[in-house]
Structure formats: C-alpha cells, structure tokens
Amino acid sequence: MGMKKTLPKPSWLKANPPSGHNYTRLRDTVRSLKLATVCEEARCPNIGECWGGKDGTATATIMIMGDECTRGCSFCNVVSKFILIDHRSFCSYILYILYIQKYTYLH
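Let me sum up the structure you'll find in this document. (Residues numbered from 1 in each chain as written. Predicted model: local features only at pLDDT ≥ 70, side-chain atom pairs only at ≥ 80, totals over all residues. Heavy atoms only, no water.)

Once that is clear, we can look at the pattern of salt bridges. For side chains of opposite charge, pairing can occur when their charged atoms come near one another. Scanning the entire structure with this criterion turns up two salt bridges. Here R27 makes a salt bridge to D28, at a shortest N to O gap of 3.1 Å. Ionic pairing is found between R31 and E40, a salt bridge with its closest N-O pair at 2.8 Å. On the accessibility criterion, E40 (23% relative accessible area) is partly exposed. (Salt bridge = Lys/Arg side-chain N within 4 Å of Asp/Glu carboxyl O. Buried < 20%, exposed > 50% of the residue type's maximum accessible area, 1.4 Å probe, protein only.)

With that out of the way, let us pick up the nonpolar core. Of all hydrophobic cores here, the largest spans 13 residues; its most connected members are L26, V30, L35, I47, W51 and I94. Secondary-structure elements contributing two or more residues to this core are helix 1 (21–32), helix 3 (47–52) and helix 4 (88–101). (Core = buried A, V, L, I, M, F, W, Y, C linked by side-chain atoms within 4.5 Å. Helix = DSSP H or I, 4+ residues; strand = E, 2+ residues; numbered from the N terminus.)

For the rest of this paragraph, the subject is helix 1. Spanning 12 residues, helix 1 covers 16 Å between terminal C-alpha atoms, matching the ideal 16 Å at 1.5 Å per step. Among all positions in helix 1, only N22, Y23, L26, T29 and V30 are buried. Taken end-on, helix 1 shows its buried residues confined to a sector of 140°, consistent with a single buried face. Of the exposed residues in helix 1, the ones pointing more than 90 degrees away from its buried face are H21 and S32. The first or second residue beyond helix 1 is K34, which carries a positive phi of 55°. (Expected span 1.5 Å × (residues − 1). Arc of directions from axis to C-beta.)

A word on the side chain of T37. Tracing the backbone through its elements, the reader meets T37 in the loop between helix 1 and helix 2 (38–41). T37 sits in the buried class, given a relative accessible area of 0%. Here the side chain of T37 touches E40 through a polar contact of 3.1 Å, landing on its backbone nitrogen. Apart from residues lying up to four places away in sequence, T37 is in contact with V30, W51, A60, T61, I62 and M63. (Polar contact = N/O pair within 3.5 Å; in protein donor to acceptor, adjacent residues only side chain to side chain. Contact = heavy atoms within 4.5 Å.)

Here it is, written out as structure tokens:
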C-alpha cells in the first residue's frame, strides 16, 4: 500500500489574517459602540477582506437584534435562539450611530 500524497491548497482558498488601517479602525469602532456584527459572531474567515476594504471603504454587517440570531443556519457560528424583545430602542441607537459617525451605508 502506497502513501497518497496530499496536494497543497490553492492560494485563492486561503484567507489572510485580518490587518491594516481600515480593519483596525472598523474593529475598534464596532467594539467601542458595543455593536454585534455577523462578521465577528459567525467567526467569518473573510473578515479581513470586508473590514480591510480598499480605497477607504470597509463593510461590517451589524446585527440589529444583538448578538443572537433567530435563523439557526447550519453553516453559521452565530448563537441561535428564539428572541422576543422590543428592539425599537436598539434600532434607534443604530440610526444615531450612523448619524454621529457620518456613515452613508448600513449593511
């Protein structure tokens, strides 16, 4: 029985560790405002691509109902449970942040 040689993974399949000015700025902003993002809660391996952004852009997906989700997708790492809360005040907080931070786009 011969040993089967394992081929290396292609470079496009490997995610680089998150880094850079945009990544650091967005991470610090999200954490200081105590926002939950799908990116962090799901432990997304591509967070560096979205948060790092090119040409001054960086995108984070904010969870408007906090750090838990009601969907329960099998591929996702976000804590899932049925939530019965009045989230209107949290939505107002998100809108306030958008205004104060002068963001023009919310994802």
